[in-house]
Amino acid sequence: MDFGTEFKPLTVQPQEIEEESFRMITEELGEHPFTAEQYPVVQRVIHASADFDLGRSLVFHPDAIRSGIEAIRAGKKIVADVQMVQVGISKPRLAKFGSDVHVYISDPDVMAEAKRLNTTRAIISIRKAIREADGGIYAIGNAPTALLELIRLVKAGEAKPGLVIGVPVGFVSAAESKEELAKLDIPFITNIGRKGGSPVAVASVNAISLMAERLG
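A brief report on the enclosed structure follows. (Residues numbered from 1 in each chain as written. Predicted model: local features only at pLDDT ≥ 70, side-chain atom pairs only at ≥ 80, totals over all residues. Heavy atoms only, no water.)

Let's shift gears to the overall build of the protein. What the protein contains, in helices and strands, is 11 helices and six strands. What you see for the protein is a C-alpha radius of gyration of 18 Å, in line with the 17 Å of a compact globule of 216 residues. Projected onto the principal axes, the alpha-carbon positions of the protein cover approximately 60 × 40 × 35 Å. Within the protein, the proportion of its 216 residues that are buried is 51%. Split by element, the accessible area of the protein, about 10900 Å² in all, is 55% carbon and sulfur. Of note, the protein has its 25 positive side-chain charges centred 7 Å away from the centre of its 28 negative side-chain charges. (Helix = DSSP H or I, 4+ residues; strand = E, 2+ residues; numbered from the N terminus. Rg over C-alpha atoms; globule rule 2.2 N^0.38 Å. Buried < 20%, exposed > 50% of the residue type's maximum accessible area, 1.4 Å probe, protein only. Areas by Shrake-Rupley, 256 points an atom, 1.4 Å probe, with all protein chains shown as cover. Lys, Arg positive; Asp, Glu negative; His and termini not counted. Charge placed at Lys NZ, Arg CZ, Asp CG, Glu CD.)

See the structure below:
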């Protein structure tokens, strides 16, 4: 293929590109504190963001990966805070186990209730989600208010997620919401600081679903 430039790509084969990217990530990251089961998540987060500092900032509950794999293999729902997260998650792998991805933030009843209570749709979407996704995985990449509401409901004993991937990006309450998540004794994946976002949440779910698939 002629790209019309002096630079020529090493390869145009998708699998080879991914493999070479992972090799480069491992080489550049060097020594790290992550376990063998946590590292695939770190690797995919760096691959999605090209941000090694973001990868290094990830924090895992000791049971996070095991709980996430178990939730997927049990066909539990995955709840995304926004459509950007929902779209990026690989559906075919989840479908093998009867799992799928739900996002409630644009549901008419959620929008109406948020308007009635003068609060965010993200908060109301989480209140709806906990009624339908017991034991599921919550992938929050954008809305700190969604994460804070989920934390509140966990503390109140009203929500029992299998895994919380709480990595919202932003300046208002993002870092603080992740600090609060890290205090909980439930399976979670989060990171320190303002960075995060949909690609981080998506990469985390996809890494775990790959591990679930490889178990056969």
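On to the sheet that holds strand β4 (residues 137–140). Spatially, six strands are ordered β1-β6-β5-β4-β2-β3 in an open sheet, and the strand pairing comes out mixed. Where the open sheet ends on each side, the last strands, each with one partner, are β1 (58–60) and β3 (101–103). Averaged over all adjacent pairs, the angle separating strand axes in this sheet is 20°, with direction ignored. In the sheet, strand β2 (residues 78–80) pairs with β3 via three bridges, with the strands oriented parallel. Residue pairing in the sheet places Val79 in a bridge with His102 of β3. Along the sheet, helix α9 (residues 144–155) makes contact with β4 and β5 (163–166), crossing β4 at roughly 150°. Across the sheet, helix α11 (residues 198–214) is in contact with β2, β4, β5 and β6 (188–191); its angle to β5 comes to roughly 145°. (Pairing = 2+ DSSP bridges. Axes fitted to C-alpha atoms, helices over the stretch in contact; angles between N-to-C directions. Contact = heavy atoms within 4.5 Å.)

To continue, consider the side chain of Thr190. Relative to the helices and strands, Thr190 resides in strand β6. At 2.7 Å, the side chain of Thr190 forms a polar contact with the backbone oxygen of Gly166. Apart from the residues lying within four places of it in its own chain, the contact partners of Thr190 are Ser57, Leu58, Val59, Gly166, Val167, Lys178, Leu181 and Ala182. (Polar contact = N/O pair within 3.5 Å; in protein donor to acceptor, adjacent residues only side chain to side chain.)

What follows concerns the nonpolar core. In this structure, Leu150, Ile189 and Ile208 are the most contacted members of the largest nonpolar core, which totals 69 residues. Per-element accounting of this core gives the leading share, nine residues, to α11. For Ile208, the residues in contact, after removing those within four places along its chain, are Val41, Ile65, Gly68, Ile69, Ile72, Leu163, Ile165 and Ile189. (Core = buried A, V, L, I, M, F, W, Y, C linked by side-chain atoms within 4.5 Å.)

Quick look at the pairing of β5 now. A two-sided burial pattern is seen for β5, the buried positions comprising Leu163 and Ile165 on one face and Val164 and Gly166 on the other. As defined by bridge partners, β4 adjoins β5 across four bridges and the pair is classed as parallel. Along β5, the bridge assignment pairs Tyr138 with Val164. Pairing between β5 and β6: three bridges, direction parallel. From the neighbouring strand, Val164 faces β6, where its bridge partner is Phe188. Crossover β5 to β6 through helix α10 (residues 174–181) is right-handed. (Right-handed = clockwise from strand over helix to strand, strands pointing away.)

Attention shifts here to the pattern of salt bridges. Considering all chains together, one arrives at 15 salt bridges under this definition. For Asp109, the salt bridge is made with Lys128, and the minimal N-O distance between the two is 3.1 Å. In this pair, Asp109 sits in helix α7 (residues 108–117) while Lys128 sits in helix α8 (residues 121–132), placing the two residues 19 residues apart along the sequence. Among the residues examined, Lys128 registers a relative accessible area of 12% and is labelled buried. One salt bridge in this structure joins Glu180 and Lys183, with 2.9 Å as the shortest N-O distance. Classification of Glu180 as partly exposed rests on a relative accessible area of 25%. (Salt bridge = Lys/Arg side-chain N within 4 Å of Asp/Glu carboxyl O.)

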